Structure formats: structure tokens, C-alpha cells
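Here is what each chain is made of, one letter per residue.
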Amino acid sequence: MKGLLNVRFYGHDSNGTIALMQLSNLSLDLGNPEIERILKKVYSQMFVVHFTADGHIFNYTFKGNDEDSKGLQQLISEFQIVLKQMPDYTTEENTADGTVYAQYKRDEILPCFLKKQRHGFYINKQQSYKKNIIKSDANATIAKSWIETFDSKEIIEVVSGTKKISEYVKQISLTKVEQPIDNTLDIWRYSGDINNLIEHYKNDSEESYIKKASKEAAKKYIKQNRISLDSLLLSIKGKDPQQLMKIAEYLKLFPDEATKLLPFIKSADYKMAADLIFVLQRAGTVQAQLVLQKIVQDTDYKQVNRIRAIIALGGVKEPSEDTINFLWQIQSKRDSLNDKRLSDTALLNIGRFGKNSPYADEIKAKLSELAQNIPNDSSEKRILLLSMKNADAQYFESDIVDALRSSNPRVRSAAVKALSKLNKESVRDELLPLFTTDEDLEVRQQLAKTLLTIDPNGALMSRARENILKEDDSLVRKNLILYLLKYREKYPENDNILKKLRKIERDKNNQILLIKNGY
């Protein structure tokens, strides 16, 4: 992408400087003229950037849907230069990818010349993957008003868990040019209150222009090539995730055709039925959700597919109000064994929408009400606890802690699992009485897992050292080994216990784990 970045420093507020920015003379080379046309329209609009006094960018405001502005936000965040009155300094910077550390070094002879290196992982809790900066180099020349020149190159790797997904190179170059102001641009024509402009932009919640234009282009392509749902279904051969995604995208474009999947799912084998139900989940349209509801309601469908359909409803990104009400309806019906299985599945999946959804408050209130009505020793209480964990364990802390005293070990185990989301001293105190080798095996196994997700205290660590030498179950010992290894610097006594365990450990995998860690 090439273009002219026009900048107008519009004013100041208590937080810093406000700038209006707009790209002009924009050219894109993406190999797809239609996508280039769409992006050019979006990226040529005026936007607002807030700088702190030292140069941190702390806020962006773009017109239209937030999805459309992500690429532009990422571009502008690359030009972030933080100035401090010292030759070398490190600071945190907020970018479109997340928060990252940046190290600056001023030139001793020419203080206006800066070197900048960013390092480590971008911190972004909203993403399921991580971005790691492998190499970063940037050179900038600073003038009185802003940047004179800026050149940077970064190599980024994308990681999911411990697996590297991809690697890419990012290069940015900016050079100040002297030329007359283009009075046709919005940034020079605007003369109103900046707060009114920002409020107007924030209230502009129209559908993403990029998505809308891309949909129209996709529809045009499908019609021109005479692609139909039937032809896509017939093209599935064995395990073919790409083909399944094509069907899901097709159903997003032509949502009314979702009903055509019903007879296919009814007659499909075990694997194909699962794939097609997943396709409906990925499509996620209101029509797809209604089709999933029909599968749940129709007893002619196999029980496993009715359960899958409930799980799919719990997995859609934007559930309709009708879907939420439907899940509650299924949860309330427990007349037969099959009904109870459907009810448990619905209850478990309702919790997924108890956080970060328009229905979160209502769902949490209903789950709290259920906690008062469902017996503490029932199997349904176990499902409720896991649903609470999915929703917001902190909101239900007292209900979850109360379940630790259930006479049903499966309920106690579910309560321990739910508390894995709460890293609090009060939780550590509640878990200690369950941390014995006399406790039920399922509870011991879950407790050993939960300990790895919360910070230790002296009492829990002492109990772990005591129990690990007496524990009969190899899986519990494995997680206790990991627990003692994780905190052996903080608790040096762990070392002697692990040495003792190495002499008596019978499980081959645990022996290997100890050997790999020097025992």
C-alpha cells in the first residue's frame, strides 16, 4: 500500500494532542481489484488519533464499523514514537495487535535520530493465538511537529499454544513531504467540536462496509459460476474442512437455504451428520439457528445429533434471543432420560453466553436462581457448576464454594474445576480441606489440575509435598510433580521431595518427566 498520510493537529485536551488524519493518493496492490476498490473507499476516510504528551497513541476513532478500521489502526500504530528525555529507555506501546515493549536509543551526536526495537509477545487477551516479534528494527528522525522519516522492518511469528502457525515480514516507511494543503480533504474542511465528531463516529454502527461489499462480490461470483448448495454438498469427499467452510460461507450469503440441510443430516452417517451440524454453527445465521432448533425438537433425528445441535447453538458467535429462550426451554424439560441429557447439554451451553453477550446479566440471574432450586447432591448441580464456570465463576463464587461440601464427589469435582478460574486467597483456603489422599479419586485428579492454574500459598504447597509421596494415582502424581516443578524456585523444599519421589516413582511417564527435569 502506498499513499499520502495527511495530518492536521487539531487541538489539545487534558490527555494530550488530538490529530485528524486522512490518506489520499492511495494505491493498493493486493492482486484483487475488487478488494482493492473496497479497501480504498474505507481507508480514505478521515479518522481521529489521540496522542499523549510523550507520543503514546492511546485512542483511535474511525467512522463506520470497527472491523473495517483494523488494518488502518494497525498501520498508524506502527508510526508510534515515544519521546523521553534520556538516551536509552524502554516503554510499553499499545498497537492494534496488543501491548508490546519497545526499546529506544537516541543518537549521541544527533538527538533527533532514534533507533527503536520492539520485542517479546504482543499481549492481547482477546485473541486465541499469540504474535511474537522475532526481529525488529526501526529508525526515525524527529522534527518539532512530528516525524520527518520513519523506516521499520519486523519479522513476526504467529503461535497457537506451542505450535508455530505462520511467519510474516512487516515493512513500513514514512517520509515527510512539503506540498500545498488539499482543501478537498475532510480533515481540512472540518471545523466543529471534536467531541461531537467522535461521538458521531462511535454511534455509527452500520454493518461493516468491507463485509457487505465482499458479500456482494461473493454472491456475484457464485451466480456467475452456477455454484449451488447441492453441488457443494456433492463435492464433499472424506475429511474435507475446506469444503465444509465453503458450505458455511455459502449459507451466510444465502441464509434461507439452511433448511435444505435437514434431510441430509437425517440420513447422513455419524461423521457426515457431525460435519453438517458444525457447518450450521459456523454459518451462525438466524436461519441456521432455527434449523438447529428443529433438529433438537424432532425425535426422528438420532439422539446424538440432537445433542450435537444443542452444542452447535452454544457455539454460534451471535445467538438470537429466540435461541437463548429455546435453550432455556430445553433445559427445563427433564421428563425422560433422553430429555435429561438434552437438558444437561442445554444448561452447560447456556453458560457460554453468560459473559460478553447481550444476554449475560439475564443468564447469570437465572443460573443463580437455579442454584437455589437444584439439590446440592444431584447430577444436574454438577452441570450447573460447569455452566457457571463458562459464564463467570467470580459472580457465582459463594454458590460454587458451597458445592465443595456436597456428598456427591462429581459435584465436588465440578466445583473444584469451576474455581480454577478464581486466583484468590479465599479460594485457596477453601480447597485445602479437600486436598487429602482420602478424597475421592475424581476430586483428587481435578484438584491437582486446578492447582496448576492458581498461585500457591504455603499451606497448599506443604500439603502437595506431603501428599505426592502417598498418592496412588499416577495422573494425580503427574500434576503434583508439575506443580512442585513450577514453583520450586519459590519453595526450595520441593527439590528434596522430587528427589525422593524419583527413587520410588513406578509410572514410566512420570519417571521420564522427572528425569527430563534433572531428577
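Residues numbered from 1 in each chain as written. Predicted model: local features only at pLDDT ≥ 70, side-chain atom pairs only at ≥ 80, totals over all residues. Heavy atoms only, no water.

1. Remarks on the overall build of the protein chain
The number of helices and strands found in the protein chain is 23 helices and 10 strands. Its C-alpha atoms give the protein chain principal-axis dimensions of roughly 80 × 65 × 45 Å. Out of the 519 residues in the protein chain, the part that is buried amounts to 46%. Excluding contacts between residues fewer than 6 apart, the proportion of contacts in the protein chain whose partners are at least 24 apart in sequence is 57%. With the model as given, the accessible surface of the protein chain reaches about 28,000 Å², and the carbon-plus-sulfur share is 49%. Seen as two clouds, the 80 positive and the 71 negative side-chain charges of the protein chain have centres 5 Å apart. (Helix = DSSP H or I, 4+ residues; strand = E, 2+ residues; numbered from the N terminus. Buried < 20%, exposed > 50% of the residue type's maximum accessible area, 1.4 Å probe, protein only. Contact = heavy atoms within 4.5 Å. Areas by Shrake-Rupley, 256 points an atom, 1.4 Å probe, with all protein chains shown as cover. Lys, Arg positive; Asp, Glu negative; His and termini not counted. Charge placed at Lys NZ, Arg CZ, Asp CG, Glu CD.)

2. Describing the sheet that holds strand β4 (residues 57-62)
The strands making up a sheet associate through backbone hydrogen bonding, with each pair oriented either parallel or antiparallel. The strand order across the open sheet formed by four strands is β1-β2-β3-β4, and the pairing between neighbours is antiparallel. Strands with a single pairing partner mark the edges of an open sheet, and in this sheet they are β1 (2-13) and β4. Here the strands of the sheet are splayed against their neighbours by 25° on average, with no regard to which way each runs. Sheet strands touched by helix α2 (residues 66-78): β1, β2 (16-27), β3 (47-51) and β4. Its angle to β4, the strand with the most contacts, is close to 150°. (Pairing = 2+ DSSP bridges. Axes fitted to C-alpha atoms, helices over the stretch in contact; angles between N-to-C directions.)

3. Comments concerning the sheet that holds strand β10 (residues 163-175)
Here six strands make up an open sheet; going across it, the order is β5-β6-β7-β8-β9-β10 and the pairing antiparallel. Each end of this open sheet is capped by a strand with a single partner; those strands are β5 (88-95) and β10. Sheet twist, expressed as the mean angle between neighbouring strand axes with direction ignored, is 15°. Here eight bridges tie β5 to strand β6 (residues 98-106), and the two strands are oriented antiparallel to one another.

4. Digging into the packing of aromatic side chains
Taken as a whole and judged by the stated rule, the model has eight aromatic pairs. Judged by centre distance (5.7 Å) and plane angle (80°), the ring pair of Y483 and Y487 falls under edge-to-face. Here Y487 falls in the buried class, since its relative accessible area comes to 12%. Ring pairs connect the aromatic residues F47, Y60 and F62, which therefore count as one cluster. Sitting above the plane of the F121 ring, K130 keeps its charged end 5.5 Å from the centroid. Above the ring of Y395, the side-chain terminus of K364 is found at 5.1 Å from the ring centroid. (Phe/Tyr/Trp six-rings, centres within 6.5 Å; stacked < 30°, edge-to-face > 60°. Lys NZ or Arg CZ within 6 Å of the ring centre and 35° of its normal.)

5. Topic: the pattern of salt bridges
Per the stated rule, a full pass over the model turns up 31 salt bridges. Across the pair K260 and E257 runs a salt bridge, and its minimum N-O distance is 3.3 Å. We note a salt bridge from R428 to E425, for which the minimum N-O separation is 3.1 Å. Of this pair, R428 and E425 are both found in helix α18 (residues 425-431), three residues apart, which corresponds to roughly one turn of the helix. Salt bridges sharing common partners tie together E78, E93, D97, K116, R118, K131, E154 and K170. (Salt bridge = Lys/Arg side-chain N within 4 Å of Asp/Glu carboxyl O.)

6. A look at the packing of helix α20 (residues 458-468) against helix α21 (residues 474-486)
Where α20 contacts α21, the two axes come as close as 10 Å, and the packing angle between them is 135°. Here α21 runs oblique to α20, going by the angle between their axes. Read as a crossing pair, α20 and α21 show a hand that is left-handed. Across the interface between the two elements, L460, M461, A464, R465 and I468 from α20 touch R477, L480, I481, Y483 and L484 from α21. Here the contact of α20 with α21 is built from residues that sort into eight nonpolar, no polar and two charged. (Parallel < 35°, antiparallel > 145°, perpendicular 65-115°, else oblique. Left-handed = near helix turned anticlockwise from the far one by under 90°. Nonpolar A, V, L, I, M, F, W, Y, C, P; charged D, E, K, R; others polar.)

7. A closer look at the pairing of β2
For β2, a buried count of 10 out of 12 residues is recorded, marking the element as mostly surrounded by other parts of the structure. Bridging between β1 and β2 involves 10 bridges; their strand directions are antiparallel. Within the sheet, the bridge partner assigned to R8 lies in β2 and is L20. Taken together, β1 and the strand that follows it, β2, pair antiparallel across an intervening segment of two residues. Across five bridges, the pairing between β2 and β3 is antiparallel. Residue pairing for β3: M21 is matched across the bridge by F47.

8. Some thoughts on unusual backbone geometry
Despite not being glycine, N25 shows a phi value in the positive range, around 50°. Here N25 is to be found in strand β2.

9. Observations concerning the nonpolar core
In terms of nonpolar packing, the biggest core is built from 97 residues, with L251 and L280 touching the most fellow members. Other than its neighbours up to four places away in sequence, L251 contacts L229, E257, A258, L261, V279, L280, A283 and T285. If you look at the next biggest cluster of nonpolar residues, it comprises 33 residues, including F47, V49, W146 and L174. (Core = buried A, V, L, I, M, F, W, Y, C linked by side-chain atoms within 4.5 Å.)

10. Observations concerning the confidence of the model for the protein chain
Atom-level detail of predicted coordinates should not be read off regions where pLDDT is low. Considering every residue of the protein chain, the mean pLDDT works out to 88; 96% of them sit at 70 or more. For the protein chain, helix α5 (residues 209-224) is the element with the lowest average pLDDT, namely 71, and helix α10 (residues 286-297) is the one with the highest, namely 96. (pLDDT = per-residue confidence, 0-100.)

11. Section: helix α13 (residues 337-350)
Given a rise of 1.5 Å per residue, 14 residues ought to cover 20 Å, and the 20 Å separating the end C-alpha atoms of α13 matches this to within 8%. Along α13, the residues classified as buried are D339, L342, S343, D344, T345, A346, L347, N349 and I350. Along its buried surface, α13 packs onto α11 (303-315), α12 (321-332), α14 (360-373) and α15 (379-392). (Expected span 1.5 Å × (residues − 1).)

12. Regarding the side chain of R412
The residue R412 is located in helix α17 (residues 409-418) in this model. Judged by its relative accessible area of 12%, R412 falls in the buried class. R412 has contacts with A403, L404, S406, S407, L434, E439, D440 and V443, leaving out every residue within four places of it along the chain.

13. Details of helix α1 (residues 33-43)
Restricting attention to buried positions, one finds in α1 the residues E36, I38, L39, V42 and Y43. Each buried residue of α1 sits inside an arc of 165° when the element is viewed along its axis, so together they form one side. (Arc of directions from axis to C-beta.)

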